[in-house]
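Chain and residue survey
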Amino acid sequence: MSLFNWIDFAVIGDTRGQLVVLEQNKNLPFVVQRIYYMTGLDSSIPRGFHAHKELRQLAFCLAGSCQMLFDDGNQRQSVVMSSSSRGLLIEPMIWHEMHNFSKDCVFLVLASHHYDESDYIRLYDEFKLLVGK
Ligand code: TYD
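Bear in mind that the values here come from a model prediction, so they are computed numbers and not experimental data. (Residues numbered from 1 in each chain as written. Predicted model: local features only at pLDDT ≥ 70, side-chain atom pairs only at ≥ 80, totals over all residues. Heavy atoms only, no water.)

1. Here's the deal with the site of the ligand
The environment of the ligand is formed by Arg-34, Tyr-36, Met-38, Arg-47, Gly-48, His-50, Tyr-115, Tyr-120 and Arg-122. Between the ligand and the protein, one listed contact pairs an oxygen atom with a side-chain N or O atom of Arg-34 at 2.4 Å. Out of a free accessible area of 530 Å², the ligand has 60% covered by protein chains. Placement of the ligand is best described as lying within the largest pocket. Listed by contribution, the elements that provide at least two residues to the shell around the ligand are β4 (34–38) and β5 (47–52). (Near = heavy atom within 4 Å. Polar contact = N/O pair within 3.5 Å; in protein donor to acceptor, adjacent residues only side chain to side chain. Areas by Shrake-Rupley, 256 points an atom, 1.4 Å probe, with all protein chains shown as cover. 1 Å grid on protein atoms, 1.4 Å probe; cavity = no way out; pocket = protein on both sides within 12 Å on 5 of 7 lines; lining within 4 Å. Sits in = over half its atoms within 2 Å of the grid points. Helix = DSSP H or I, 4+ residues; strand = E, 2+ residues; numbered from the N terminus.)

2. Details of the sheet that holds strand β7 (residues 66–71)
The strand order across the open sheet built from five strands is β8-β7-β10-β5-β12, with neighbouring strands paired in antiparallel fashion. Both outer strands of the open sheet, β8 (76–81) and β12 (120–121), are each paired with one neighbouring strand and no more. Sheet topology places β7 next to β8; six bridges connect them, and they run antiparallel. Looking at the pairing, Asp-71 lines up with Arg-76 of β8. (Pairing = 2+ DSSP bridges.)

3. Brief notes about the pairing of β5
Regular strands show a simple pattern: their side chains alternate between the two faces of the sheet. Of the pairings in the sheet, the one linking β5 to strand β10 (residues 95–99) comprises three bridges and is antiparallel in character. Its bridge partner lying in β10, His-50 is registered against His-96.

4. Let's talk about a nonpolar patch on the surface
A contiguous nonpolar patch, built from Val-11, Val-20 and Leu-22 and spanning about 190 Å² of accessible area, is present on the exposed surface. Owing to a relative accessible area of 33%, Val-20 belongs among the partly exposed residues under this scheme. (Patch = residues over 30% accessible without salt bridge, like charges linked within 9 Å, V, L, I, M, F, W, Y side chains within 5 Å. Salt bridge = Lys/Arg side-chain N within 4 Å of Asp/Glu carboxyl O. Buried < 20%, exposed > 50% of the residue type's maximum accessible area, 1.4 Å probe, protein only.)

5. Digging into the environment of Asp-116
Within the fold, Asp-116 resides in the loop between β11 (106–111) and β12. You can call Asp-116 partly exposed: its relative accessible area is 38%. The spatial distance from the C-alpha of Asp-116 to the C-alpha of His-52 is 9.8 Å, given a sequence separation of 64 residues.

6. Side note on the pattern of salt bridges
Inspection of the entire model under this criterion finds six salt bridges. Here Arg-86 and Asp-8 are joined by a salt bridge, their closest N and O atoms 2.8 Å apart. Placement of Arg-86 in strand β9 (residues 86–90) and of Asp-8 in strand β1 (residues 5–8) is noted, with a sequence separation of 78 residues between them. The exposure class assigned to Arg-86 is partly exposed, which follows from its relative accessible area of 29%. Measuring nitrogen to oxygen at the nearest pair gives 2.7 Å for the salt bridge that ties Asp-14 to Arg-16.

7. Overview of the layout of surface pockets
One number sums up the size of the largest pocket: a volume of about 230 Å³. Lining the largest pocket are 17 residues, and of these Tyr-36, Met-38, Arg-47, His-50 and Tyr-120 lie nearest its centre. When contributions to the lining of the largest pocket are tallied by element, the ones reaching two or more residues are β4, β5, β6 (57–63), β10 and β11. Considered class by class, the residues forming the lining of the largest pocket number ten nonpolar, four polar and three charged. (Points joined across faces, edges and corners; volume = space filled by probe spheres on them. Nonpolar A, V, L, I, M, F, W, Y, C, P; charged D, E, K, R; others polar.)

8. Here's the deal with the packing of aromatic side chains
This structure, assessed with the given rule, holds eight aromatic pairs. Here the aromatic rings of Trp-95 and Tyr-124 are separated by 5.1 Å at their centres, their planes lie at 80 degrees, and the arrangement is edge-to-face. You can see Trp-95 sitting in strand β10 and its partner Tyr-124 sitting in helix α1 (residues 124–131), a full 29 residues away along the chain. According to the relative accessible area criterion, Trp-95 is buried, its value standing at 3%. Under the relative-accessibility criterion, Tyr-124 is labelled partly exposed at 26%. (Phe/Tyr/Trp six-rings, centres within 6.5 Å; stacked < 30°, edge-to-face > 60°.)

Right, here's the structure in full:
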């Protein structure tokens, strides 16, 4: 079983460059209530290390690359993110970590809810207990 899904977005490209469109109720999988992005990332400093109880997220590596690791408490899977037109869907109750950021990595996330610390599971042992594995 795959612990993640990709969503491929159409790229409108011409000699001027490439354009990707994300539209509510058209090609996005949930109503977006929050957008955040990360820059100035360091290959030796991984991030994430949590799961969410309810939140759904769609992540993009708009520039550069990184590695995303998923864990459902039973198995671990990792994928490389390196395409600005491929969104990676992060569902609730999936532990995730981001590793190996390239220097130029620009990491964008669309989220289904506002920031809520009580939605986070930040301790792996607690996550394992909650998923019952
Ligand atoms: P954190 O969850 O540690 O980032 P990551 O899991 O990607 O490594 O978030 C870093 C800080 O930013 C933390 O203090 C919470 C805060 N934050 C917000 O205030 N709003 C947000 O939407 C997000 C994602 C984080």
